[in-house]
Amino acid sequence: KFIAMTYLSEKSFERAKNEFELQLKQQPLDPASYQQLAKIELSKRKPENAANYYLKGLKHLPDNQQLRMGLASTYEQLQQYDNAIKTYQEVLTSNPRNIVAINNLAMILVSKKTDKESYALAEKLVAKFKSSNQAILLDTYGWVHYHIGNYQQTIAALNKAVSLTPEVPVYYYH
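Along each chain, numbering runs from 1 in the same order as the chain's sequence is written. Note on the predicted model: pLDDT of at least 70 is required for a residue's local features to be given, and 80 or more for side-chain atom pairs to be given and counted; whole-chain, interface and lining totals, by contrast, use all residues. Only hydrogens and water are set aside; all other atoms, that is, all heavy atoms of the structure, feed into the side-chain values.

**Remarks on the packing of aromatic side chains**
Right, on to step 1. Side-chain rings of Phe, Tyr and Trp (the six-membered ring for Trp) are treated as a pair once their centres are within 6.5 Å; stacked means planes under 30 degrees apart, edge-to-face means over 60, and tilted covers the remaining angles. One pass over the structure, following the stated rule, counts 2 aromatic pairs.
Right, on to step 2. Consider the rings of Trp143 and Tyr146, whose centres lie 5.5 Å apart with planes at 10°: the pair is stacked. Here Trp143 and its partner Tyr146 are both found in helix α9 (residues 135-148), 3 residues apart, which amounts to about one turn of the helix.
Right, on to step 3. Here the term buried applies to any residue with accessible area under 20% of the maximum for its type, exposed to any over 50%, and partly exposed to those in between, with areas from a 1.4 Å probe on protein chains only. Relative accessible area serves as the criterion here: at 40%, Tyr146 is assigned to the partly exposed category.
Right, on to step 4. Here a set of aromatic residues connected by ring pairs shows up, and it is made of Trp143, Tyr146 and Tyr151. Note on conventions: DSSP H or I runs of at least 4 residues are helices, E runs of at least 2 residues are strands, and numbering of each starts at the N terminus.

**Quick look at unusual backbone geometry**
Right, on to step 1. Positive phi outside glycine occurs at Lys11, with the angle close to 60°.
Right, on to step 2. Within the secondary structure, Lys11 is located in the loop between α1 (2-9) and α2 (13-26).
Right, on to step 3. Here Arg45, not a glycine, exhibits a phi torsion of approximately 60°, which is positive.
Right, on to step 4. Take Arg45: it is sitting in the loop between α3 (31-43) and α4 (47-60).
Right, on to step 5. By relative accessible area, which is 73% here, Arg45 ends up exposed.

This is the structure we're talking about:
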């Protein structure tokens, strides 16, 4: 694996890919190799290939949450939102406290869906973000409440997000 990582640092992606593939033939239960192969494909702007590496890894390591999170994120890039939702829900089934999965799932539900059930689930998911001191979580909380029409909660959450990180412009625009 050291050789593969060296090739990566030199941006010799095809050589790195070959080394990681060789590594997987010897150790098919190495999640890091699947992740690195997926990252190589993402760097080449080939998210379909990245998704395939994550899926291949999950066949060997079905409980690996890092592979599952990578797959969910890749589905988002592919605009396969139903697959992303399903995959984030799988993550939350085994780890209901995964903040990144909660955050990303809630954002997809309100940004890409329009049904009441999706909005209700997003509201439930982000309920604990209301008292957060992390601007990104407050932003999600505010964005969810904006979509469901709770504008007072939206304004309070987004104002708090801005006050916590005034140097981050995106919070000013939500």
